[in-house]
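Chain and residue survey
The chain contents come next:
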Amino acid sequence: MERRNFIKVSLMGATLFVAGSFEACKFKGPAASASKIKNRNSIEFNNNDLVAYLKEFTDAHKQHAGDYYGRELACNRIQLKGMLCKLRDEDILVGRNCFPPVGFSPQAGERYLYYCQFKDMEKLREAADLTPENKSALNNIISYWKEEDGVIKTRKAYKDDIASVLTSDKWSDESGIGFPLYRISGTQLDYDKLITLGIPGLTELIQEKQLASAGDQEKSQLYSAMLNMLNILKEAIDLYSVQVNEAIDKTKDSARKKQLVQLGAALKHIKSNAPETLYQGVQLMYLYSVLTGSVNYGRMDEYLGDLYIRDKAKGVTDEEQIAILQGLWHLVEARDFIFDSRVIVGGKGRRNEQNADQIASLIMESVFRSRLVVPQLTLRFYEGQNPALYAQGLDMIGQSYPYPMLYNDDVNVPAVMNAFRVSEKEAEQYLPFGCGEYILYHKSIGTPSGVINMLQALLVTLNNGVDPTTGKPQGLALGTDFTSYEELFAAYKKQIEYYVDALAKQEKLEYDVAGETAPFLLMSMLFDDCIDRGKPLLKGGLNHLGGSLESYGNSNTGDALTSIKYWVYDKKEYTLDEVRKALTANFDGYEEMQKKFLNAPKYGNDDAYADDIMVAADNHLFAYTRNSADKVGLNSYLIVVINNHANTLMGRYTMASPDGRLANTYMANGNAPTGGADHNGVTAMLNSIVKPDASIHAGSVQNMKFSKEMFSKELRPKLEALLDTYWKIGGTQAMLNVLGKDDLVNALKEPEKYQNLIVRVGGFSARFVDLAPDVQQEIISRTLY
């Protein structure tokens, strides 16, 4: 198949051009004048109509107080009007969605459970064209949600053992060791079940369970609510069917009319039947995901593979299927979840591997042709899998595209077995979501509901429980006179454990609050074992209730501890008091000390001195966090060494550190060495990054930067041999940036010439020119091999 950025294909008899990107479909906030707000909806709201919608949603929430299932059903039905965007002229699928400033969602920034985005509401309150009645109504709505918003309710539920430790949730705006996050994320739904059964099959399954549990009121209520929720899904299909029919009547373009007729037919089919074509399967999956709020898309090759083979037997061409997939990618990009949007292909445990491999190749091709920031295409592989998929993946990466991300099942499956304490069969269903956290496909949720800054923990420990950024008390005061490195490290570990304890409790409490707030009916239908148990997702239905904790500053912490051990305790060249003074001064006047700290042994060079210290710090954090699960009532609670540019955001509020890093600058990315510190070559770097124990965490990010020359015909065999060795010695995954030596520097000078340069930041990709300057500098700092 020819690769090009702009393609002209025949889709169902009509000509379609698929290229470019669409504006992200999200609520921009209310207008300050009488101009209309385009709420990315099936209708356009002006400010007064928007208030009417917010009042309707809020009234439904009030009226169903105490009605666990009725509230979710009523609010979701009303929300259809606020979250489903109009069909656009370029769309071949429906499901564009937006987020009104009040609504219901499992995750999405400030949108958690029944939520209110207060900043947007305040802007709306200032709108000049609001009627006096609507201003008054809006004031009442805001007052109501100050008690009912999901984040507010969660924080109110904190007891002192959490509230006294996690005093702030502003992780990106102030210094701190541990912060809570509010979301129910890591939801990878069983789309294979959805597509196999369709809406009618799901309905029949639930009705059978309802009959079998006659007399059990609790189960009966759940099953009735699920059936009503499926009716709301049908209402969403009807809403879009009306839009499609209106578009058919309006369009004068015969090719577009033909597309719309086929789209209308697909919607009609999936309302009453299980999907029979790939087009129908894609449409049902995506619309279901939008209504649930789930923003990752599971093992797509598995759930589309059989439909693809069926279509192929009927003469549907690969080019037609690529057009459908590209239409999906544009909707995914417009949904604007760059930290999520995972699409997984390849790997162990697929029920239909031969069919899945064929569609996997097509999925990869379609993503490459689109060259968008999302989906976050992920290729799992193992010894014995069709090697063509891995080769195709390297071909894509070699053309300066950061996808697919590569995951090694031969290491990851045994690691997940141990970390999650599950069988091999269950571990084969591990999936990375978001920025790299692992979950068990449609069996577990692994919400990362907290972050921990390891480097800040060390700095606070060095300063006897005082935040060096603010001068205020923080964490535990453990003294200043550490007579040995072992004493210092023991104190540092106590500081870490103090925060992990609070964050683990917060994770479980967040699930409890969410479970009491809503049943998450659509999710419950596609998660094991909610239907079988007759229980909602977070009230006993979920097969495996897991959580995760994001760690940052890992490599800097290892290097900082190494510098202290080397120069303070081994060489005895400096005292801890001298180190504290240098850090407080940001090394101003202590340049010689900074130089020596920078030249101390560093993680990433296969140097046992540095690597052993790094591994000890990491493995302590991993093991202690894993062992916290049983204490708080979770099936698993695991560290994820990921990066979604939080290393840079948190670095802005982290003071100078003993690794030689200056204050308020970025920390290292994920499990990678500090940029430029890995000076012994790529083999030494790879030998270092496999040393932390992969079997006691839930994923770590390995970002690597290679020159285009490494993917040339002459050097490609050497590169493949290098990667093969990395996989064999324990490499779990790799995220590769392939760039010209001067591409990034030139992009800073002439950004207009590099608008399509997409780079891997950490757990997500972005157009380089769109990134903040310090994020750009962190990427530039990484060693180019």
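Look a little higher up for the structure.
Now for a look at the structure at hand. (Residues numbered from 1 in each chain as written. Predicted model: local features only at pLDDT ≥ 70, side-chain atom pairs only at ≥ 80, totals over all residues. Heavy atoms only, no water.)

Notes on the overall build of the chain
For the chain, the count of helices and strands is 31 helices and 17 strands. For 785 residues, the compact-globule estimate of 2.2 N^0.38 gives 28 Å, and the chain sits close to it at 26 Å. Once the C-alpha set of the chain is aligned to its principal axes, its extents read approximately 80 × 65 × 55 Å. Of all 785 residues assigned to the chain, the portion counted as buried reaches 62%. Contacts in the chain between residues at least 24 apart in sequence constitute 74% of all its contacts with a sequence separation of at least 6. Just so you have it, the chain exposes about 27500 Å², and 49% of that area is on carbon and sulfur atoms. Charge separation in the chain, taken as the distance between the mean sites of 87 positive and 100 negative side-chain charges, equals 3 Å. (Helix = DSSP H or I, 4+ residues; strand = E, 2+ residues; numbered from the N terminus. Rg over C-alpha atoms; globule rule 2.2 N^0.38 Å. Buried < 20%, exposed > 50% of the residue type's maximum accessible area, 1.4 Å probe, protein only. Contact = heavy atoms within 4.5 Å. Areas by Shrake-Rupley, 256 points an atom, 1.4 Å probe, with all protein chains shown as cover. Lys, Arg positive; Asp, Glu negative; His and termini not counted. Charge placed at Lys NZ, Arg CZ, Asp CG, Glu CD.)

What to know about the pairing of strand β9 (residues 430-433)
Side chains of β9 alternate between two faces, with Tyr-430 and Pro-432 and Leu-431 and Phe-433 buried alike. Count of turn residues in the β9/strand β10 (residues 437-440) antiparallel hairpin: three residues, of which Gly-434 carries a positive phi of about 50 degrees. (Pairing = 2+ DSSP bridges.)

Details of the sheet that holds strand β12 (residues 544-552)
A sheet is described by the order of its strands in space; here four strands give the open sequence β5-β11-β12-β13, paired in mixed fashion. The two strands at the open ends of the sheet, each matched to only one other strand, are β5 (178-180) and β13 (636-640). With direction set aside, neighbouring strand axes in the sheet form an average angle of 30 degrees. Both β12 and β13 contribute to a ladder of five bridges, which runs parallel. Bridge pairing links Gly-546 to Ser-636 in β13. Relative to strand β11 (residues 444-453), helix α17 (residues 454-462) is tilted by about 35 degrees, and along the sheet it contacts β11 and β12. Where helix α25 (residues 608-626) meets the sheet, it contacts β12 and β13, and its direction lies at approximately 160 degrees from that of β13. (Axes fitted to C-alpha atoms, helices over the stretch in contact; angles between N-to-C directions.)

Thoughts on the environment of Ser-213
Looking at the element boundaries, Ser-213 is found in the loop between α7 (191-212) and α8 (217-250). Overall, Ser-213 belongs to the buried group, its relative accessible area being 9%. Once the C-alpha coordinates of Ser-213 and Gly-651 are considered, the two residues, 438 residues apart in sequence, prove to be 55 Å apart. Apart from residues lying up to four places away in sequence, Ser-213 is in contact with Lys-219 and Tyr-223.

Considerations on the environment of Tyr-666
Note on placement: Tyr-666 falls in the loop between α27 (646-651) and α28 (682-689). Classification of Tyr-666 by relative accessible area gives partly exposed; the value is 27%. Remark: the alpha-carbon pair of Tyr-666 and Val-775, spanning 109 residues in sequence, is separated by 7.7 Å. Those residues within four positions of Tyr-666 in sequence are excluded, and the remaining contacts are Asn-647, Thr-648, Gly-651, Arg-661, Asp-774, Gln-777, Glu-778 and Ser-781.

Considering the pairing of strand β3 (residues 102-105)
Because side chains alternate across β3, one face comprises the buried residues Val-102 and Phe-104, and the other comprises Gly-103 and Ser-105, equally buried. Alignment of β3 against strand β4 (residues 113-116), held across four bridges, turns out to be antiparallel. Each bridged residue has a counterpart across the sheet, and for Gly-103 the counterpart in β4 is Tyr-115.

A look at the pattern of salt bridges
Going through the model one piece at a time under the given rule, you end up with 40 salt bridges. Across the salt bridge formed by Arg-155 and Asp-169, the nearest N and O atoms sit 3.9 Å from each other. Here Arg-155 is found in helix α5 (residues 150-156), whereas its partner Asp-169 is found in the loop between α6 (160-163) and β5, with 14 residues between them in sequence. The class for Asp-169 is partly exposed, based on a relative accessible area of 23%. (Salt bridge = Lys/Arg side-chain N within 4 Å of Asp/Glu carboxyl O.)

Focus on the nonpolar core
Ranked by internal contacts, the top residues of the largest apolar core, which has 236 residues, are Met-300, Leu-304, Ile-363, Phe-520 and Phe-706. Broken down by element, this core gets its largest block of residues, 15 residues, from helix α18 (residues 485-517). Those residues in contact with Leu-304 that lie beyond four places of it in its chain are Ile-195, Leu-278, Gly-281, Val-282, Leu-325 and Ile-359. Counting 14 residues, the second largest nonpolar core, distinct from the first, contains Tyr-754, Val-761, Phe-764 and Leu-771. (Core = buried A, V, L, I, M, F, W, Y, C linked by side-chain atoms within 4.5 Å.)

Description of helix α12 (residues 318-335)
Between the first and last C-alpha of α12 there are 26 Å, a value that for 18 residues agrees with the 26 Å anticipated at 1.5 Å per step. Counting buried positions over the 18 residues of α12 gives 16, a clear majority of the element. Of the residues one or two after α12, Asp-336 is the one with positive phi, at around 70 degrees. (Expected span 1.5 Å × (residues − 1).)

Regarding the packing of aromatic side chains
Throughout the structure, instances matching the rule amount to 25 aromatic pairs. Between Phe-381 and Tyr-390 the ring centres are 5.0 Å apart and the planes differ by 55 degrees, which places this aromatic pair in the tilted class. Considered together, Phe-381 and Tyr-390 belong to a single accessibility category, that of buried residues. Across the ring face of Tyr-114, the terminal group of Arg-71 is positioned such that the distance to the ring centre comes to 5.9 Å. (Phe/Tyr/Trp six-rings, centres within 6.5 Å; stacked < 30°, edge-to-face > 60°. Lys NZ or Arg CZ within 6 Å of the ring centre and 35° of its normal.)

Limitation: the analysis is restricted to geometry and does not speak to function.
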